Amino acid sequence: MKIVVLVGDGMGDYPVESLGGKTPLQAARIPTLGKIAAAGEVRLVNTVPDGMPPGSDVANMALLGYDAALNYTGRAPIEAAGAEIPMKPSDVAFRCNLVTVADGTMDDYSAGHITTEEGRALVRSLQEALGKEGLTFHPGVQYRHLLIWDGGPAECDCVPPHEFTDKPVAEHLPKGNRQAEIRELMELSKAVFADHPVNQKRIAEGKKPATQIWLWGQGNAMQLETYKALYGLGGGVVSAVDLLKGLAKLAGLEAPDVEGATGFLDTNYQGKVDAALEILGREDFVFVHIEAPDECGHMGDAQKKTQAIEEFDSRVVAPVFQWLEEAGEPYTLLLCTDHRTPVALKGHTAEPVPMVVLTGPVGKIDTQVAFDEDVNAGNAQGMACTWIQQILSRHAAKQETKPTANCGGLT
Ligand SMILES: [Zn+2]
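Residues numbered from 1 in each chain as written. Predicted model: local features only at pLDDT ≥ 70, side-chain atom pairs only at ≥ 80, totals over all residues. Heavy atoms only, no water.

This part is about the overall build of the protein. Looking only at helices and strands, the protein features 14 helices and eleven strands. Its C-alpha atoms give the protein principal-axis dimensions of about 60 × 50 × 35 Å. Evaluated residue by residue, the protein yields a buried proportion of 58% over its 411 residues. Pairs at least 24 residues apart make up 75% of the contacts formed inside the protein by residues separated by at least 6 positions. Accessible surface for the protein amounts to roughly 15900 Å². Of this, 49% is attributable to carbon and sulfur atoms. (Helix = DSSP H or I, 4+ residues; strand = E, 2+ residues; numbered from the N terminus. Buried < 20%, exposed > 50% of the residue type's maximum accessible area, 1.4 Å probe, protein only. Contact = heavy atoms within 4.5 Å. Areas by Shrake-Rupley, 256 points an atom, 1.4 Å probe, with all protein chains shown as cover.)

In structure tokens:
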């Protein structure tokens, strides 16, 4: 039995005027998703435990069958695991975004989707200027980097920069325990970046400069029970982003580096599908994560978000579904999104999202039904992680299973 989870990040949304009052999921041409929804079981599920922020970290933990309320320490520690940066018990990892602040507002949480090469050059300069014993800046991908701070403030309230695009920075600075130390590092980065050759070049090319770092998502090292221990399952997670690679490594799953996987519309879809199918040829579980719909939601671009959802359907869901059908062996296919990223808000919300589970092979499907936010009249039908744990446990039933994370019962 193969278990395949395909995730379009941030696909959920609200009705959008420029889409004729439809949500991007409703406006998109998604024939394969529609067919799978017709043949499978569709539910509207909650992915974010009560009181937790609706981040991709928390929500994707749910889609992997982990209850964030029990296991989560912070986003940055997950990414540190993904980047294989070792953490001591006293270490606190911070996500270190490269951002563009203009006229006191958060103009761009990604510094204009700065390239990895440019981002790494800036972070190396940051390390030379501000790094010291117990304070290390680690270069990552594009605008996403990490700071490991021995004895750093884990409890401070730090707002993710993608949650206040176009809003005043002064109202969103870190607050609480040792806020001044975090704010000081962010302030000091401005001088390091001000006349940096990378920024001079970007400005000359009409691109946004990285004006400073933004620190958030902090926490101590995180641990999860592995898929092997919980379900007797081996497999992998295919994603462009360190967050998902980190969750994979914490879950004891493979996390291959796919060339050209960017986390955006220009990602190497074929390479990701190939990587997923290569894993499926050897193992029974694979989780494919496509970041682009979320990024388009953060940009507030309904057209691009619709395009990203269509490409998820045609370039990821369709070929994987075809492969599973042609293989002819029993499989369970889950299609889902982790949370909503409404283009009107340019940020995440915790409202329920659609998920479909198909047990195959099913042969030809002639009908299509909606896979959107209005499933079950818009009412949530339980926690995603409970449903997914049940599926993983059922298919690993030959093994001794011991699911630990209780996400609350299904209604
Ligand atoms: Zn997400």
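Still to come is the rest of the account.
Bringing the state of the cysteines into the picture now. Taken as a whole and assessed by the stated rule, the structure comprises zero disulfides. No disulfide involves cysteine 336; its sulfur sits 12 Å from that of cysteine 385, the nearest cysteine. (Disulfide = S-S within 2.5 Å.)

Turning to the coordination of the zinc ion, a few remarks are in order. Within the protein, the atoms that donate to the zinc ion are Asp9 (OD), Asp9 (OD), Ser56 (OG), Asp338 (OD) and His339 (NE2), at distances of 1.9 to 2.6 Å. Of the residues examined, aspartate 338 reaches a relative accessible area of 0% and is grouped as buried. (Donors = N, O, S within 2.8 Å, 3.2 Å for Na, K, Ca; no water.)

Take helix H8 (residues 197-204) next. Side chains of residues three or four places apart in an α-helix project in the same direction, reflecting 3.6 residues per turn. Among all positions in H8, only Val198, Asn199 and Arg202 are buried. The arc enclosing the buried residues of H8, seen along the axis, measures out at 95 degrees, which places them on a common side. Away from its buried face, by an angle of more than 90 degrees, H8 presents the exposed residues Pro197 and Ala204. Looking at the buried positions of H8, the neighbouring elements they touch are helix H6 (116-130) and helix H7 (179-194). Immediately beyond the C-terminal end of H8, within one or two residues, lies glycine 206, with a positive phi of roughly 80 degrees. (Arc of directions from axis to C-beta.)

Moving on to the domain arrangement of the protein. A common way to express how large an interface is: the accessible area buried when the components associate. Domain boundaries assigned for the protein yield domain 1 (2-72 + 224-395) and domain 2 (91-219). When each unit is reduced to the centre of its C-alpha atoms, the spacing between domain 1 and domain 2 is 29 Å. Contacts between the two partners involve eleven residues from domain 1 and, on the opposite side, ten residues from domain 2. A combined buried area of about 860 Å² lies between domain 1 and domain 2, and 39% of that area is made up of carbon and sulfur atoms. Inspection of the region where domain 1 meets domain 2 yields two salt bridges. (Domains from an automatic or database assignment. Buried area = accessible area lost by both parts, 1.4 Å probe. Salt bridge = Lys/Arg side-chain N within 4 Å of Asp/Glu carboxyl O.)

Glancing now at the side chain of histidine 172. Take histidine 172: it is sitting in the loop between strand S6 (144-150) and H7. Polar contacts involving the side chain of histidine 172 include one to the main-chain carbonyl oxygen of proline 168, which spans 2.7 Å. If near-sequence neighbours (up to four positions away) are discounted, histidine 172 is found in contact with Val159, Phe164, Lys167 and Trp214. (Polar contact = N/O pair within 3.5 Å; in protein donor to acceptor, adjacent residues only side chain to side chain.)

On to the nonpolar core. Formed by 89 residues in total, the largest nonpolar core has its most connected members in Leu6, Leu64, Tyr227, Phe285, Phe287, Leu333 and Met355. Sort the elements by how many residues they give to this core and helix H13 (residues 302-327) lands first, with eight residues. Apart from residues no more than four positions distant in its own chain, leucine 333 is found in contact with Val4, Leu6, Ile36, Phe321, Leu324, Val356, Val357 and Leu358. By size, the runner-up hydrophobic cluster in this structure holds 35 residues, among which are Val99, Tyr143, Met186 and Val198. (Core = buried A, V, L, I, M, F, W, Y, C linked by side-chain atoms within 4.5 Å.)

Moving on, we get to the pattern of salt bridges. If you walk through the whole model with that rule in mind, you get 23 salt bridges. For lysine 346, the salt bridge goes to aspartate 166, with nearest N and O atoms at 3.1 Å. Placement of the pair is lysine 346 in the loop between strand S10 (331-336) and strand S11 (353-360) and aspartate 166 in the loop between S6 and H7, with a sequence separation of 180 residues. Its relative accessible area of 25% is what places lysine 346 among the partly exposed residues. Note that lysine 304 is salt-bridged to aspartate 301, the shortest N-O span being 3.7 Å. Its relative accessible area of 33% is what places lysine 304 among the partly exposed residues. If you follow the salt bridges from partner to partner, you end up with Arg75, Glu79 and Arg95 in one network.

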